[in-house]
Amino acid sequence: MAPSVQAEKRLLWHPRWENKFMVGGGSQMTMYEWAPEESEIRHVTSQNDLQFMKCFAWSPDPAFDDLFAVGSASGRVDLIRLEATKVARNSVLSSGPVVTLPVRNTRSCNALAFCNADPNYLAVGLDKVRGDSSLIIWDIQSATPLLSPSSPSNLNLTEDSVLEARPQPRIARAEVGHHRTDGRVLQQHAPTEVVSALAFLPQSTHMLLAGISARWLRLFDLRSAVPATTNIATKVYGIATSPIDPHQIACCGDGIITVWDARRLLHPLLMFTEKDAAADGARPRAGSGSFVNHIEFSSSRRGVLAAHEKDSSYVRFWDLQQAQGSENNSDGERSRESSQTQTAKRSWAPWTAGGAANGNGNEMRHSNVESQEALALVLSDTHKTTNFRKPLASFALVPSKRAFSLTSEVMVVNKDGDLELYAAYDTPKQASWSARGDLIIGAGLRCKVFPGFEDRGVPPQPWDIRIEETTTSRGRNETASLPAFGRGDEDGFPALEGKSVEDKSTPSKPIKTRTYSPASFRHYPLDQSEPSASPSSINAQTPARAEVVQEPKPNGLRQSGEKISPKGKTSRSVHQAVEDDISMIMRRRTIRGYGLASAKHNAQVVREDLCSNTALSELWDWIHHSRELVCSPTSRLHGYEFSNQGLLGLWEGFAPLPQVSESSASSFSVLDGLLAIPQISPGDSGLSPISTPAVLDPLTRMRHPLDDLAYGDFTAAVAALCTRRTPGSGRPWRPPVRSTEKLEQRQFALHLCGWSIGEEELNHEIRRRIRFMWEKEGQQPRAACWLVFMRQYQKALELLMRSTDEMHNLVSGTLAALIPSAGSTLSNELRTHAERVIVRLEDPYFRVMLIQLTSKDWSKVLEEESLPLRERLAIAFQFLEDEALSSYLTRTIDRARTRGDIEGLVITGLTPSGMDILQSYVDRTGDAQTAAILAGQVCPAKFFDARAERWLETYRDLLDGFKLFHYRVAFDVERGQILQEAVLNGDLAPFDWAPKQILIRCNYCSKPMNPVLGETQKGRPTACPHCSRALPRCSVCLMTLSIVPDCTRDVGLSQSQATYQDTIDDAIVICQTCRHGGHASHILDWFFGEDGARSRGMCPVADCDCHCADEF
């Protein structure tokens, strides 16, 4: 189908994708043949007596290779065969056979469309006229014999046999009331309307799309005489259907291209304009903008749509890709803005496709029968041809007969009729990451693999990593020295950056090595990868383990002396990009012990990785520091839980925990609290420094005493926290603000920021740090800045003058001029000079020092984002008024959420609002590992968030993909401990958080032996609780096996004082081949003996020849 044309030329390719095309315009039509082997365009035939031609269409009928329908300005449609004249007249251009399809009223013919599934159907679109239809459906099957000079054999058939051979379903014939109507007319529609564009769906005989009156896109189902229609309000000047995706259609109008799914036509899949083509350098035109007059889908590239804008000298290609989408929103429309913001990269990237799922794309289905996942259409790329010398009139995409062609060819014709072929090198480039970090890039028939890392040795096991922890993470009763972060030493003055802080914490005990509780099993030889229980063997393995950990080179850095040839420069850059990818960073962190166990260790791991940013390590340092202050001895005070709160929760307050009465608490059973929760004893936890709480009674941990008179008093709770960091003797601290109603909140917030608030201690600390640390390490600007903030101007001047840096001496002169004196104000000239100096200074501490002296406005000081966030927060809590402080905290959170700044969690804490910052951080960096570790500490222990569940599952799958199965198990165990503590604290109701992997069923009734959560055990432990039949006997001792319920076993373990509480002596082993078995300790002794050497291989049951030992 060719859209409506005036005198301009239009180019139309062969409908069956042969190497022929047609150029028509004015009164002439010319057929050409493209010879790709010789790169030659050959003239085939022409006809130049087509007066008043308005549009034309090429029939896809295989019986006629040159059949055209030509619409005229009078509305008449002529069926002509262009090459038939050459055959009949010996290559002399003359009129050949013509079949005319008349109209009752004279008006212009705007559009023509043949049906690809049944070429005998022809749709004609006309201008409007009173009392007549503008859309006419013709059946030209009876006219085909008249178009053949010599009747071919396949046309000598009866009418009934021809109708039976035609595709189904056929278009129904409607009753036409007017007696002058031609018998070949099947249906007539769209009275008193203008039809501007037509197209049949590629694989359908009855679905017809029409552009009506430049206001509607209408879909006709022509199977019935009164067809069902679907109307969409949109301007349509051209319609294109995809030969690859038969349900995908596109239309253009007023510079907007809209893509639809014919099965869900109520809402568009995608809308875009020239403004969205920034990838190929498009610039919006002045005036009314561009007008798209022709669009066409590629037959060799899925999702590639070519478009030509009026009076332009190029053809633009739009790459549309499918991605996993969500259900429709309220309006169901996916705008071009959302198509850009949801996908910043090409849609073939797995994580990009997932990111696009948040868009408002319509749901697409592969099948009308099967219900599958929703698909969204995204605009992944744009490119265009070269700018030709003259404006183009039309184009056609050249079909490629070669599989995996590297180019897309387009034939163009300009307004003068000149033809030119252009080849665009647009082969799709696919890339995919493997779980081992390898990157594979494919283009055409070739692909290349870039390895991510090479394991030269076995990675260390999680129990080999020595994690030093000075305190527990979630409020257990352990004492330790305070961290060096943020406060420098015991006095609490803000320290330098983490790398220069002197760590004066006392030596702490390392994590316990892995031990084995099964008493019998520990006698038998283990796999080489299993560690020994002796500390000496662990220490012996440490050097080898450290060497393996350092194997992946961070940041892809080269060793000294290593040279890279110019030819390998590109390859090396790709290799470095692979090594620096976030997936490789996450793997390096994992094998160094990055996890739920220790925030302090996480900060150290991040600092050692050159690819990680400092904000992440500072966050982990703050988490460690805050939990040292909040969680020792307990994080719950007067009904408030402070363990996961940030500075905003401390400042604004939050809701207390519900108070449980004695009667309701007594209904809670100890067995219910321990049921289905992984029980890990203190002596058994070798995977983590986190131990099970000493108090096992959930009643004492979840209940808030009713005699707590200060319950619900937030100020009293904060004051109690402040007493844990009581300053030395001296005048009590007051903030330098006019008034404040939240003095306790300010005090403890400064403690969290690493500040001491005793005035005498602060002055002493300043003098000590200036003398022993800051001057020696070149931190004079920082020291001078804080001296100015504390109004010790003379000491600041002396400090800068002692410096050997000339810049410090010069700044001291400006500082001396700006120092306020009694009864004096700064002159305008001095203030202007200081503002010009501030712009030129590079050191942020010098800038904020001069800003404070010139403006006296602390809000301007806080706008200097070069200062560390915690330092800015310390300034805010000291010098801002209450209302201004609240506003500043809110703005900082909004900025962190927008930028994905993870250090914003210092303000929000691990709360639902903090999850928003984590989501933005993951979107920016792809670091699902950090998000999973942070969210795993509070979700679902404190609250539920679906995003946290996705991060956790993604990280677990990533560890499995890296084949770091022990690390994934250690991560699950640590999560289990967090959930167990949440249940014991009453934060969570008991639940089966990990589904049972193995169930034992009765051999008689086939019912599971384990009771359902919440049910009590019925009957004897040696019999089935359902049918009461006896359990099988042990094949060695011949005693009846017994199954102890989990709840009973957990209670017994909690009351046991044995070193190894959960042993293998009571376990049951069943051979999956012969179904014989017994007590695990007896079976192991049978096959391996006392010394651990294999002594038997056959089943202990007589007359059973099963080699059960092979299963071990």
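Residue positions are counted from 1 within each chain, in the order its sequence is given. Under the rules for a predicted model, residues below a pLDDT of 70 receive no local features and side-chain atom pairs below 80 are neither given nor counted, while totals for whole chains, interfaces and linings still include all residues. Based on all heavy atoms of the structure, the side-chain values leave hydrogens and waters out of the count.

> I keep staring at the sheet that holds strand β27 (residues 419-424) and nothing clicks. Help me out?
Two strands in a sheet stick together by hydrogen bonds in their backbones, pointing the same way (parallel) or opposite ways (antiparallel). Should DSSP find at least two bridges between two strands, the strands are taken to pair. Labels follow the DSSP assignment, with helices taken as runs of H or I lasting at least four residues and strands as runs of E lasting at least two, numbered in each case from the N terminus. With antiparallel pairing, three strands are arranged side by side in an open sheet as β25-β26-β27. Of all strands in the sheet, those with a lone pairing partner are β25 (392-398) and β27, marking the two edges. Each adjacent strand pair in this sheet contributes to an overall mean axis angle of 25°, direction not counted. Two elements, strand β26 (residues 408-414) and β27, share six bridges in a ladder whose sense is antiparallel. Residue pairing for β27: valine 413 is matched across the bridge by leucine 419. Axis definition: a line fitted to C-alpha atoms, limited for helices to the stretch in contact. Angles are taken between N-to-C directions and run from 0 to 180 degrees.

> It is not clear to me how the packing of helix α26 (residues 912-925) against helix α27 (residues 928-936) should be interpreted in this structure. Could you clarify?
Geometrically, a packed helix pair is captured by the angle between its two axes and the distance between the axes. Here α26 crosses α27 at 165°, and the two axes come no closer than 9 Å. Comparing their axes, α27 and α26 come out roughly antiparallel. Handedness of the crossing formed by α26 with α27: left-handed. The residues of α27 that touch α26, namely those facing Met915, Leu918, Tyr921 and Val922, are Thr930, Ala931, Leu934 and Ala935. Taken together, the residues of the contact of α26 with α27 sort by class into seven nonpolar, one polar and no charged. Oblique is the label for every angle not falling under 35 degrees (roughly parallel), over 145 degrees (roughly antiparallel), or within 65 to 115 degrees (roughly perpendicular). Should the near helix be turned anticlockwise from the far one by less than a right angle, the crossing is left-handed, and should it be turned clockwise, the crossing is right-handed. Note on definitions: a residue-residue contact is assigned when non-hydrogen atoms from the two residues lie within 4.5 Å. Residues are grouped as follows: Ala, Val, Leu, Ile, Met, Phe, Trp, Tyr, Cys and Pro are nonpolar; Asp, Glu, Lys and Arg are charged; every other residue, Gly included, is polar.

> Just checking my understanding: could you explain the confidence of the model for the protein chain for this structure?
Residues shown with low pLDDT carry predicted positions that ought not to be read at fine detail. Per-chain confidence: the protein chain averages 74 in pLDDT, with 70% of residues scoring 70 or above. In predicted models, pLDDT denotes the confidence assigned by the predictor to each residue on a 0 to 100 scale. Of the regions scoring below 50 in pLDDT, residues 1-6 engages in 23 contacts with residues more than four places distant in sequence or in other chains. Taken together, the stretch residues 662-703 has pLDDT below 50 and engages in 91 contacts with residues farther than four places along the chain or on a different chain.

> How do you make sense of the pattern of salt bridges when you look at a structure like this?
Opposite charge on two side chains permits them to pair, given that their charged atoms come into close proximity. For salt bridges, the criterion is a side-chain nitrogen of Lys or Arg within 4 Å of an Asp or Glu carboxyl oxygen. In the structure shown here, the tally under the stated rule is 42 salt bridges. One continuous salt-bridge network, built from bridges that share partners, spans Glu953, Arg956, Asp960, Arg968 and Asp972.

> Got a minute to help me understand the sheet that holds strand β8 (residues 98-101) in this structure?
Strand order in the open sheet formed by four strands is β5-β6-β7-β8, with antiparallel pairing between adjacent strands. On the outer flanks of this sheet lie β5 (53-58) and β8, each paired with one strand and no other. Averaged over all pairs of adjacent strands, the angle between their axes in this sheet comes to 25°, without regard to strand direction. Bridge count between strand β7 (residues 77-81) and β8: four bridges; the pairing is antiparallel.

> Looking at this model, I keep getting lost on the packing of aromatic side chains. Mind explaining?
Here the distance between the centres and the angle between the planes together describe a pair of aromatic rings. The rule is short: rings of Phe, Tyr and Trp, with Trp giving its six-membered ring, pair when the centres are within 6.5 Å, and they are stacked under 30 degrees, edge-to-face over 60, tilted in between. Throughout the structure, instances matching the rule amount to 18 aromatic pairs. An angle of 65° between the planes, with centres 6.4 Å apart, marks the rings of phenylalanine 789 and phenylalanine 879 as edge-to-face. Of this pair, phenylalanine 789 sits in helix α17 (residues 780-789) while phenylalanine 879 sits in helix α23 (residues 869-879), and the two are 90 residues apart along the sequence. We note that phenylalanine 789, like phenylalanine 879, is buried. Put simply, the rings of Tyr640, Phe642, Phe654 and Phe714 pair up and form one aromatic cluster. A ring is considered to have a charge above it if a Lys NZ or an Arg CZ atom is located within 6 Å of its centre and within 35 degrees of its normal. Looking at lysine 384, its charged tip hangs above the ring of tyrosine 314, at a distance of 4.5 Å from the centre. Between arginine 1029 and the ring centre of tyrosine 1004, over which it is positioned, the NZ or CZ distance is 4.7 Å. Exposure categories follow from relative accessible area, calculated using a 1.4 Å probe and restricted to protein chains: below 20% of the type maximum is buried, above 50% is exposed, and the middle band is partly exposed.

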